[in-house]
Amino acid sequence: MVDYKFDFGTGNTNPETFPSEAFAKAAGRVIPGLSESLSHYPGKYGHEGLRRLMADREFDREGVRVDPQNMILTNGSMQAITLIAQTFCRHENSCIVMEEFCYPGSVNAFADMGIDMVGVPCDDHGMQTSELESILSTLVSQDRKPGFIYTLPTYQNPTGTVMPVERRRELLDVARKFGCILVEDNCYADVHYDGEKPPALYAMASDVRHIYLSSLSKIFAPGIRLGYLIAEPPLLNEILPHRHDAGPNTLAAAVTEEYLRGQLWQHIDRTNAALKLKRDAMLNTLETHCGNLCSYVSPAGGLFIWVQLAGSIDVDRLEKEAEASSLRYLPGRNFHINGNDVPYLRLAFGYPSVSQIEAGIRQLAECMKRSNRD
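Residues numbered from 1 in each chain as written. Predicted model: local features only at pLDDT ≥ 70, side-chain atom pairs only at ≥ 80, totals over all residues. Heavy atoms only, no water.

A. Local environment of the overall build of the protein chain. A tally of helices and strands in the protein chain yields 13 helices and 15 strands. Here the C-alpha coordinates of the protein chain stretch approximately 65 × 60 × 40 Å along the principal axes. Taken across its 374 residues, the protein chain has 55% of its residues classed as buried. A fraction of 76% describes how many contacts in the protein chain between residues 6 or more apart in sequence connect residues 24 or more apart. Of the roughly 16000 Å² of accessible surface on the protein chain, a fraction of 48% belongs to carbon and sulfur atoms. (Helix = DSSP H or I, 4+ residues; strand = E, 2+ residues; numbered from the N terminus. Buried < 20%, exposed > 50% of the residue type's maximum accessible area, 1.4 Å probe, protein only. Contact = heavy atoms within 4.5 Å. Areas by Shrake-Rupley, 256 points an atom, 1.4 Å probe, with all protein chains shown as cover.)

Next up, the structure:
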């Protein structure tokens, strides 16, 4: 494994704000009372206290009551994604309709499962619903109903786009029109810096064919591997039989619930304030040193900046220059569902320090200049 001097490749959280002492104290309070719980397998639903806390999280943000009995804790949101795919894409000609640029973990999981991915073009407001409707119409004409529509409408990974409310309504209408299961991945919703947050799709319409995913990887720590899935019993009852891991980590869930109970939103405010400084440092350094070599939009939330390279940049040479400079980013093809070689790259700003961000982006600018064909 390469140890990069400047690593902007992975969407890790900020180690500077991890509450080590407070988390250790929470563990000390909880562990003595866990002997009985830790002597049993967690079961398909997982730790009830954390499920109740996450249900409260959703109510506080969305104003919608969530029954903790309709929630299962998962080993990060990726386990939830694969469980859904295993449940609803069992047929040979199954497909998933999704943004044409998406998180590589999801893309690779679907590919490994042999599931065909049908990409929907995106613009500055996320998935284009007019294109979605056209694609679904074509699939119907081919007698191919998708297993589900998969979308990240808020701080989409990698593009950082936020789908406006009107387009969210259109997406819900299209999914309903074609009778499709809609899977909403909202793992970045609370990593928020600027402006108003639009409501989650599930908060805009009550529909039993809606599955909602979220995670603690982005607001707390990916190493605890805790996410969750919310669905009404008709769909949840189909998903649960595909869970074979005996349930999520009781110890991690219990300690996390003990730490976050009563201070969830204060914790989120603290971590977001620090992340915003890092985002702004990356944006300011890009503006100062990269000039007309690339373009980008300031993300209102999330952990990434999606960069479009100027047409004069040799993408292959840029990768080699960055590697030689001990600098890592993820190229655009990693996110395209078909692996198309596109002139984009994604920069993650959550983990490196502000000084590392500033020095690394200055180095990236030099790599861009050496890769410029003009």
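B. Representation of helix α12 (residues 315-324) in the model. Those residues of α12 that fall on the buried side of the exposure criterion are V315, L318, E321 and A322. The arc enclosing the buried residues of α12, seen along the axis, measures out at 115°, which places them on a common side. In α12, those exposed residues whose orientation departs by more than 90 degrees from the buried face are K320 and A324. Immediately downstream of α12, the backbone of S326 shows phi near 55°, a positive value. (Arc of directions from axis to C-beta.)

C. Spotlight on the nonpolar core. The biggest cluster of nonpolar side chains holds 96 residues, and the ones touching the most others in it are F148, Y150, I211, L229 and L347. V120, L139, A175 and A205 belong to the second largest nonpolar core, which has 20 residues in total. (Core = buried A, V, L, I, M, F, W, Y, C linked by side-chain atoms within 4.5 Å.)

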